[in-house]
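# Residue-level structural notes
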Amino acid sequence: MAAAAKIPVIDISDEANELQVAKDLVEAAIEHGFIYIKNTGKDIPVDAVEGAFSLAKELFQAPLEEKQRCAIQQNNRGWSGMHIETLDPKNQRVGDYKEAFNFGEFTDGKSDHPIPSNMVPHEGQISAFRDLCYATCLKINRLLGIGLDVQPADFFVTRHLRENGPSGSTLRFLYYPPLAATDASAEDDVRAGAHSDYGSITMLFRLRGQAGLEVQTRGGGWAPVPVLPPGTEDDPAPPVLVNIGDLLSYWTNGLLRSTVHRVVFPAPGRGVVDGESASEPRYSIAFFCHPVGTARLEPVPSERVRSYVPPTSDAGKAGNPYAERKVLTADEHLQMRLRASYLQLYDDKEKQ
């Protein structure tokens, strides 16, 4: 079995020790770029997560014509089918082996964009789950501000508030078929290409026993990320995996790591840890938290950020591959990344 990534588990519901929790979050974000958040059910109830997974499975069972009616657009909302997204275009033979559905904003419990008919009766439930994720991301952003001693401490929070403008925040349901149901090669093809995430933070929900996620190590290798790290096996639900995205990396001059990761077809010695397998379809749910689109990507007012000098040993390894690019706003960064991932979508639109 492959050696699993050593990512810390942190309980953000421990309000009595908030300062220590904040410092622990920051250290994990600096060292790993990934953090397990212990799922106590306080921030996001276990039944809400289970309900969301039930809806995800139902959504992908919708007739193809229903999903195609809601095909993804340049606003990053809607359904993308097999091979539509290519997260690592330089190294992938074909696009990702996955389906996905991106939910944007809801108004009064109703989606602001087309959704499959089998999801219409559940709009309120999806909207409520999205709200839970949003509130938890605000909490994590606040703790990161405290841990970095940003002045003011609510710097990150205010730049994510809905009342301050629209953002690219997205709730995404994902379906990955097993290798046997595809024409893929476990040695050459991937379910999701190597990439860093586009926003500030990502919350990832996974199901017990489902293998596939890997993170890139500082040495450039790959380590599987178990759904249940040691000590969480008896928890009511798997921990939520949180990772730092490009924009927090920009805001902190690379101090917080936007770590490259991918989803593979696990093979012997690669991508599998004890108790997990790839024989069944893989489902996951991600909430990509983005700041308000007009937010400027300037270094945050933190002495630790100001004094940070990236170690030369990290150059070009496992960090945000876009860190040298200069962009002005969160929206400009998002559009840059979407164009790289959905080449056909943008090429087809521009030819019309």
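So, here is what we can say about the structure in this document. (Residues numbered from 1 in each chain as written. Predicted model: local features only at pLDDT ≥ 70, side-chain atom pairs only at ≥ 80, totals over all residues. Heavy atoms only, no water.)

With that settled, consider the sheet that holds strand β3 (residues 78–80). Backbone hydrogen bonds are what pair the strands of a sheet, in a parallel or an antiparallel way. The strand order β1-β2-β12-β9-β14-β7-β4-β3 describes an open sheet built from eight strands, whose pairing is mixed. On the outer flanks of this sheet lie β1 (9–10) and β3, each paired with one strand and no other. Where strand β4 (residues 99–103) meets strand β7 (residues 170–176), five bridges bridge the pair, whose relative direction is antiparallel. When the sheet's bridge partners are listed, Glu-99 is paired in β7 with Tyr-175. The sheet strands contacting helix α4 (residues 123–147) are β4, β7, β9 (201–206), β12 (240–244) and β14 (282–289), and the helix crosses β9 at an angle near 130 degrees. (Pairing = 2+ DSSP bridges. Helix = DSSP H or I, 4+ residues; strand = E, 2+ residues; numbered from the N terminus. Contact = heavy atoms within 4.5 Å. Axes fitted to C-alpha atoms, helices over the stretch in contact; angles between N-to-C directions.)

Applying the stated rule across the entire model yields 18 salt bridges. Across the pair Glu-31 and Arg-218 runs a salt bridge whose closest N-O atoms are separated by 3.7 Å. One end of the pair, Glu-31, is in helix α1 (residues 18–31); the other, Arg-218, is in the loop between β10 (213–216) and β11 (222–224), with 187 residues separating them in the sequence. Classification of Glu-31 as partly exposed rests on a relative accessible area of 42%. One salt bridge in this structure joins Lys-139 and Asp-43, with 3.1 Å as the shortest N-O distance. Taken together, the positions of Lys-139 in helix α4 and Asp-43 in the loop between β2 (34–37) and α2 (46–60) put the pair 96 residues apart, joining distant regions of the chain. In the salt-bridge network here, residues are joined through shared partners; they are Glu-85, Asp-96, Lys-98 and Arg-172. (Salt bridge = Lys/Arg side-chain N within 4 Å of Asp/Glu carboxyl O. Buried < 20%, exposed > 50% of the residue type's maximum accessible area, 1.4 Å probe, protein only.)

For α2, built from 15 residues, the straight-helix expectation of 21 Å at 1.5 Å per residue is met to within 8% by its first-to-last C-alpha distance of 22 Å. Those residues of α2 that fall on the buried side of the exposure criterion are Val-46, Ala-48, Val-49, Gly-51, Ala-52, Phe-53, Leu-55, Ala-56, Leu-59 and Phe-60. (Expected span 1.5 Å × (residues − 1).)

Contact pair α1 / α4: the axes reach a minimum separation of 8 Å and the direction vectors enclose 90 degrees. Between α1 and α4, the angle is such that the two are roughly perpendicular. For the pair formed by α1 and α4, the contact residues are Glu-18, Leu-19, Val-21, Ala-22, Lys-23, Leu-25 and Val-26 on the first element and Arg-142, Leu-143, Leu-144, Ile-146 and Gly-147 on the second. Broken down by class, the residue content of the contact of α1 with α4 amounts to eight nonpolar, one polar and three charged. (Parallel < 35°, antiparallel > 145°, perpendicular 65-115°, else oblique. Nonpolar A, V, L, I, M, F, W, Y, C, P; charged D, E, K, R; others polar.)

Right, let's talk about the packing of α2 against α4 for a bit. Running from N to C, α2 and α4 point in directions that differ by 130 degrees, and their axes come no closer than 10 Å. In terms of their interaxial angle, α2 and α4 are classed as oblique. Note that α2 runs across α4; the crossing there is left-handed. Contacts between α2 and α4 involve Ala-48, Val-49, Gly-51, Ala-52 and Leu-55 from the first element and Gln-125, Ile-126, Phe-129 and Leu-132 from the second. Class assignment for the residues of the contact of α2 with α4 results in seven nonpolar, two polar and no charged. (Left-handed = near helix turned anticlockwise from the far one by under 90°.)

We now examine the nonpolar core. The biggest cluster of nonpolar side chains holds 66 residues, and the ones touching the most others in it are Phe-129 and Phe-205. Tallying contributions element by element places α4 first for this core, with nine residues. Aside from chain neighbours lying at most four places away, what touches Phe-205 is Ile-44, Val-49, Phe-53, Phe-129, Cys-133, Val-240, Ser-284 and Ile-285. Core analysis: the next-biggest nonpolar cluster, separate from the first, contains 23 residues, Ala-100, Val-215, Ala-223 and Phe-288 among them. (Core = buried A, V, L, I, M, F, W, Y, C linked by side-chain atoms within 4.5 Å.)

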